[in-house]
Protein chains: 2
Amino acid sequence: MSIYDDFEKTSANHVALSPLSFIKRTALMFPDRDAVIYGDRCYSWSQLYGRAKQLASALNAHGIVKGDTVAILSANTPEMVEAHFGIPMSGAVLNTINTRLDSDTIGYILDHGEAKVFIVDGELAPQAAVAVAERNILIIDIADLQDNLKPNRIGTIDYADFISKGNVNADWDMPADEWDAIALNYTSGSTGRPKGVVYHHRGAYLMSMGVIADWGLPRHPKYLYTVPMFHCNGWCHGWTMAALAGTIICTRTVSPSVVYNAIYDHGVTHFGGAPIVLGMILNAHDNDRKPFDYTVNVMTAGAPPPAAVLEGIEKLGFDVTQVYGLTETYGHTVMSTWNSDWDNLPQDERAIMKSRQGAGMVHTDGLRVVDINGADVPADGKTFGEILIRGNTVMKGYLKNPQATSEAFADGWFRSEDLAVMHANGYVEIKDRLKDIIISGGENISSVEVEGILHRHPSIALAAVVAMRDEKWGEVPCAFVELKDGASATEIEVINFCREHLAGFKRPKKVVFGDLPKTATGKIQKYELRGRI
Amino acid sequence: MSIYDDFEKTSANHVALSPLSFIKRTALMFPDRDAVIYGDRCYSWSQLYGRAKQLASALNAHGIVKGDTVAILSANTPEMVEAHFGIPMSGAVLNTINTRLDSDTIGYILDHGEAKVFIVDGELAPQAAVAVAERNILIIDIADLQDNLKPNRIGTIDYADFISKGNVNADWDMPADEWDAIALNYTSGSTGRPKGVVYHHRGAYLMSMGVIADWGLPRHPKYLYTVPMFHCNGWCHGWTMAALAGTIICTRTVSPSVVYNAIYDHGVTHFGGAPIVLGMILNAHDNDRKPFDYTVNVMTAGAPPPAAVLEGIEKLGFDVTQVYGLTETYGHTVMSTWNSDWDNLPQDERAIMKSRQGAGMVHTDGLRVVDINGADVPADGKTFGEILIRGNTVMKGYLKNPQATSEAFADGWFRSEDLAVMHANGYVEIKDRLKDIIISGGENISSVEVEGILHRHPSIALAAVVAMRDEKWGEVPCAFVELKDGASATEIEVINFCREHLAGFKRPKKVVFGDLPKTATGKIQKYELRGRI
């Protein structure tokens, strides 16, 4: 006992951390600033807050209570933004569903998450219709007049009608406990059924504050929402924008012209995207480009961006920050924070520094790379190990799956199943997914390393390398490549190009040309490629 | 029960919030960047972290354990900075003591806080010597060779020797619970004995993150520490700098030349200070000034800065942000956040907006102004009420004083005892301390309002207004004024000046010329003035 033990928590000095506090404050301080822009539609922060309160009160009027699940299948529209506030304000847990999933998987998620309400974007109604057949769930259809989408009704309630019956001045409660669930996000499920990852209010708050500090976000950023909001709640950036009274520019599609037009029309200062989006911008047609005279900040994640892409896009006026994380970590938890000590390095060494995933963000308590025995590998930039993560933005756990949760949290750390090396200064560099490593004649080959070389080939737009069975070596690399428009290359030429830049045993033994299969978030579906060989 | 109730907190996904995490991370990521500069002394972040670990392990070796109090009486030196990390890293609670206190009060604080160790800056040894006489406490003397201060030893242990016996690689524990105490700060005690305000790790962490978001702090700020670190832990800015890998420039004294030299020599980007510091800079001699070609950001608090001072200093290249808070709220909890809607207002209206204390910061959950019955006053900018505050940066409570704690937290809100009006957008404007209001013939007179008018008088450098007993009116205003160097004014002229700008009943009935008594943080000691009439 000490003299300091004698204090009670009271409502004066202990308040649950929640990103919902951000919208309440911003609607009060900056009621008239643009919160959301989507084509001709625009809501101020007081309007967005009012709509969120309407949504919350309408859900409550339909019997939704704390701990219920409300699912939404939607592109990045204003409705998707307000769902991030209104659904948790109702006490419910927000379950955003990947828009590229098949009906069967959507149905599985609705069942597993026990959703009581399902809000469906008109564009996505066909795949939702099959999923909800024979399921007892309240369906709310969003008719998106903006894009002249046919109001594909699959239920009986229209979203606009639904929220119009809610109360724009409704009272709502902050969570009683910051450990309460705020969101449910299913993993991509590349093997077996997806797992339901549960986020809490505390983590969503700390994630937002950490991103402000580490990305150096100013007040009032103009944020183009190119990252799907169904993916880790769009990296939690909608909540971050509420904290900063930013403006969210919504878009249904991502293309070079969408990005350049948003910069030109709205002065976009920040956006995020998979490396594939960076590549898209780099290789854009000239008539899709528009000039801008300031730096646009881009956060990228999902796969290590090739150094050549990083180098190219920075010359166009984009400042790229690479981050790393998983659905289980609310999105990014590691950032390739630039160190000004590297300012004077030659351009290629700068690109190497930028291509590393980085160090734990301010909200990440611990980041380690460990060997198979759980011991830290030396910080030598060479020794492979698995990334372990600890912090307040690690999920509560997997929904209704205590076994998977306890396996993921073995030894008090979250196991990422990603392979990396540790550099000095605590920066990790991802080498591969544990299961993507190729073991050839007893040697580890990083598919990421081989892909990095392939991306330097002047004709190659995109490349993926997976293991192929081999009589002699056990496994050998097999490359799948997409060529740039109008470019050509042959298998032998590509293999020779790799031989020039790689140890012989690392070069692909086979090269397959054609379009690569991608997930909704732009990740290449390697399991799909493995099925092709 | 819901499906979301079934998750345990584990060390993988629940980590205590503490500003100590900042220094650990920054020492890893930016080991060689300057952390602290003090004259010719400079420590990098890895050196500062090493010294903090030495201090922590040396304290532990002397028997200091979790929940003990370690006091320090020091100017803003590197030792004071490292105390903010090393003392909590040892598990102890950091008790910084106001350097301007008399020996009797210092002794009272050492007794009341039950300090086991007392670290004393050589400059302050004389007043400490009397305080520690006949007290059983381990004294550690800092001999500050930087300023060629005589090593005024009052104990037997030298600070440099003490920490040299600590381990630069010592392990240390993050707090087990973020609600654990990190610091003990005594109120200024304008009436009766000072009260011991207890801060916790959670609040110090959230305060640091909130200031980054709301002040728009970039990575690597250059921060001049003009705010005494004994005052609300220097507004927690030392911890904030650790989060951003900033550089702290220490100084024993505050003067225009100190500020201008630090800008010139170190590229200072941010500092804080009472309005008196702003006035000092505004009225500096030309040969104390040095040119700079960027904006220097200044946070000010402690008293409402006169609009004329705000206007003048901004023309010199300083961007002033006013904040408001109390020792009980870790320093600032309200910020006069600029709204770009006001950009095109005339200069005088802009200055009025800037002179308001502002809205709750992002880490402040609630800010209200209530009438005597506890009901919110209308947000009309006119109706007086008391400011109430709620949030995670409200103190745990007063040490060993549960009655004062429960009075301060009546009805679940912290009572500030400050009088204000509420404007639209949630901005408060302080009118006075509850006890500083002057009630004249049944009308409330705000001493702050009268002071604002006096500050516009061309000859007046500083003014304070207090209540004076009056047979007829009950109370009337009495003004105390300091004139600018070489300026002159008469009582009748000052009263007439006020009559031109104020309702007749608000004008001072008496004007006293001379130096004003100030606290260590630059606040005018009104209780002292009241004793003079």
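On a predicted model such as this, the values are computed, not experimentally measured, just so you know. By convention here, each chain's residues receive numbers from 1 onward along its written sequence. Here chains are named by letter from A upward and ligands by number from 1 upward, in the order in which they appear as written. In keeping with the predicted nature of the model, local features appear solely for residues at pLDDT of at least 70, side-chain atom pairs appear and are counted solely at 80 or more, and the whole-chain, interface and lining totals rest on all residues.

Describing the overall build of chain A
In plain terms, the rule: Segments assigned H or I by DSSP are reported as helices when at least four residues long, segments assigned E as strands when at least two residues long, and all are numbered from the N terminus. Throughout, the radius of gyration refers to the C-alpha atoms, and the reference size of a globule is 2.2 Å times the residue count to the power 0.38. Counting other C-beta atoms within 10 Å of a residue's own tells you its class, since 20 or more makes it buried, 12 or fewer makes it exposed, and anything in between is partly exposed; those C-beta atoms are placed from the backbone. Once C-beta atoms have been placed from the backbone, residue pairs whose C-beta atoms lie within 7 Å are recorded as contacts.
Looking only at helices and strands, chain A has 17 helices and 26 strands in total. The C-alpha atoms of chain A give a radius of gyration of 23 Å, which matches the 24 Å a tight globule of 533 residues would have. Oriented by its inertia axes, the alpha-carbon framework of chain A measures out at about 65 × 65 × 50 Å. Looking at chain A as a whole, 55% of its 533 residues qualify as buried. Expressed as a percentage of contacts within chain A between residues at least 6 apart in sequence, the contacts between residues at least 24 apart total 67%.

Describing the interface of chain A and chain B
Selection criterion: Gly is put with the polar residues, along with every residue not named as nonpolar or charged; the nonpolar set is Ala, Val, Leu, Ile, Met, Phe, Trp, Tyr, Cys and Pro, and the charged set is Asp, Glu, Lys and Arg.
The interface of chain A with chain B comprises 54 residues on the first partner and 53 residues on the second. For the side of chain A that touches chain B, the leading source of residues is helix α1 (residues 20–29) of chain A, giving four residues. When its residues are assigned to classes, the side of chain A that touches chain B shows 26 nonpolar, 17 polar and eleven charged.

Some points on the relation of the copies chain A and chain B
Our working definition: Fitting of the copies onto one another was done by least squares over C-alpha atoms, counting residues only where both copies have pLDDT of at least 70.
Once chain A has been moved 0.0 Å along the axis and rotated by 180°, it coincides with chain B to within an RMSD of 0.1 Å. The symmetry that links the two subunits is that of a two-fold axis. In this assembly, 98% of the residues forming the interface of chain A have copies in chain B that are likewise at the interface, indicating an isologous arrangement.

Some details on the environment of threonine 405 of chain B
Residue and element names in this part refer to chain B. By the element assignment, threonine 405 lies in helix α14 (residues 402–408). Residue class for threonine 405 comes out buried when judged on the 24 C-beta atoms lying within 10 Å of it. Once the C-alpha coordinates of threonine 405 and valine 197 are considered, the two residues, 208 residues apart in sequence, prove to be 9.5 Å apart. Setting aside chain neighbours within four positions, we find threonine 405 in contact with Gly397 and Tyr398.

Re the packing of helix α7 (residues 201–215) of chain A against helix α7 (residues 201–215) of chain B
So the rule is basically this: Geometry is summarised by axes, namely lines fitted to C-alpha atoms with helices restricted to the contacting stretch, and by angles between N-to-C directions that run from 0 to 180 degrees. Should an angle fall under 35 degrees it is taken as roughly parallel, and over 145 as roughly antiparallel, whereas 65 to 115 is taken as roughly perpendicular and any remaining angle as oblique. We call a crossing left-handed when the near helix sits turned anticlockwise from the far one by less than a right angle, and right-handed when that turn is clockwise.
Contact geometry of α7 of chain A with α7 of chain B gives a least axis separation of 9 Å together with a crossing angle of 55°. One element, α7 of chain A, and the other, α7 of chain B, form an angle in the oblique class. Regarding α7 of chain A and α7 of chain B, the two cross each other, and that crossing is left-handed. On the side of α7 of chain A, the interface is formed by Met209, Ile212 and Ala213 of chain A, while α7 of chain B contributes Met209, Ile212 and Ala213 of chain B.

Overview of the domain arrangement of chain A
Residue and element names in this part refer to chain A. What counts here: What counts as a domain boundary in this text is fixed by an automatic or database domain assignment.
Once the domains are mapped, chain A shows domain 1 (46–200), domain 2 (254–435) and domain 3 (437–530). Relative placement of domain 2 and domain 3: their C-alpha centres are 21 Å apart. Facing the 18 residues of domain 2 at the interface are 15 residues of domain 3. Listed by contribution, the elements that provide at least two residues to the side of domain 2 that touches domain 3 are α11 (275–282), α12 (307–315) and β21 (428–433). Classifying every residue of the side of domain 2 that touches domain 3 gives 13 nonpolar, three polar and two charged.

Thoughts on the sheet that holds strand β7 (residues 157–158) of chain A
Residues and elements named next belong to chain A. Stated formally: What makes two strands pair is DSSP finding at least two bridges between them.
Read from one edge of the open sheet, eight strands run β7-β6-β5-β3-β4-β8-β9-β19, paired in mixed fashion. The open sheet has two edge strands, β7 and β19 (397–398), and neither has a second partner. Pairing analysis gives five bridges linking strand β5 (residues 115–121) to strand β6 (residues 138–142), with the strands arranged parallel. Bridge pairing in β6 links valine 117 to leucine 138. Contacting β3 (69–73), β4 (93–96), β5, β8 (181–186) and β9 (196–200), helix α4 (residues 103–113) crosses the sheet at an angle of about 165° to β3.

Some words on the confidence of the model for chain A
Note the threshold: pLDDT expresses, on a scale from 0 to 100, how confident the predictor is about each individual residue.
Looking at chain A, the pLDDT average stands at 92 and 97% of residues meet or exceed 70. Predicted as a complex, the structure gets a pTM of 0.89 and an ipTM equal to 0.88.

What to know about the packing of α1 of chain A against helix α2 (residues 45–61) of chain A
Residues and elements named next belong to chain A. The contact between α1 and α2 brings their axes to 8 Å, and the two run at 135°. The angle between α1 and α2 places the two elements in the oblique class. In the packing of α1 onto α2, the handedness of the crossing is left-handed. Here α1 contributes Ile23, Thr26 and Ala27 to the contact with α2, which in turn contributes Trp45, Ser46, Tyr49 and Ala52.

Thoughts on helix α11 (residues 275–282) of chain B
Residues and elements named next belong to chain B. Most of α11 is tucked away, with seven of its eight residues classed as buried. Where α11 is concerned, the buried positions are Pro275, Ile276, Val277, Leu278, Gly279, Met280 and Ile281. Here the buried face of α11 lies against α10 (256–266), β12 (270–273), β13 (296–300), α12 (307–315), β14 (318–326) and β24 (460–470).

A word on the pairing of β13 of chain B
All names here are of chain B. As a reminder, the rule being used: Look down the strands so they point away from you; if the path from the first strand over the helix to the second goes clockwise, the crossover is right-handed.
β13 sits mainly inside the fold: four of its five residues count as buried. Judged from the four bridges that link them, β12 and β13 form a sheet pairing that is parallel. Considered in β13, the bridge of phenylalanine 271 is made with valine 298. Crossover connection from β12 via α11 to parallel β13: handedness right-handed. Strand direction decides the pairing type here: β13 and β14, joined by five bridges, are parallel. Bridge pairing links valine 298 to valine 320 in β14.

Section: the sheet that holds strand β9 (residues 196–200) of chain B
All names here are of chain B. One open sheet accounts for eight strands, arranged β7-β6-β5-β3-β4-β8-β9-β19; its pairing is mixed. Whereas interior strands pair on both sides, the edge strands pair on one side only; in this sheet they are β7 (157–158) and β19 (397–398). On top of the sheet, α7 reaches β8 (181–186) and β9; it is set at about 70° to β9, its chief contact.

What about helix α3 (residues 78–89) of chain B?
Residue and element names in this part refer to chain B. Note the following rule: One fewer than the residue count of a helix, multiplied by 1.5 Å, yields its expected span.
Its twelve residues place the ends of α3 16 Å apart at the C-alpha level, agreeing with the 16 Å of an ideal helix rising 1.5 Å per residue. Summarising burial for α3: twelve of the twelve residues are buried, a large majority. Of the residues making up α3, those classed as buried are Pro78, Glu79, Met80, Val81, Glu82, Ala83, His84, Phe85, Gly86, Ile87, Pro88 and Met89. With its phi angle positive at about 100°, glycine 91 sits one or two positions after the end of α3.

Concerning unusual backbone geometry
Residues and elements named next belong to chain A. A positive phi angle is found at histidine 220, which is not glycine, with a value near 60°. Among the structural elements, histidine 220 can be located in the loop between α7 and β10 (222–224). Despite not being glycine, alanine 245 shows a phi value in the positive range, around 50°. In this structure, alanine 245 sits in the loop between α9 (237–244) and β11 (247–249).

Observations concerning the pairing of strand β25 (residues 474–483) of chain A
For a regular strand, side chains alternate in direction, first toward one face of the sheet and then toward the other. All names here are of chain A. As defined by bridge partners, strand β24 (residues 460–470) adjoins β25 across ten bridges and the pair is classed as antiparallel. Of the residues in β25, the one forming a bridge with methionine 468 is valine 476. A loop of three residues connects β24 with β25, the two strands running antiparallel in sequence. As judged from the four bridges shared by β25 and strand β26 (residues 510–513), these two strands associate in the parallel manner. Considered in β26, the bridge of cysteine 478 is made with lysine 510. In this view, the connection linking β25 to its parallel neighbour β26 by way of helix α16 (residues 491–501) has right-handed handedness.

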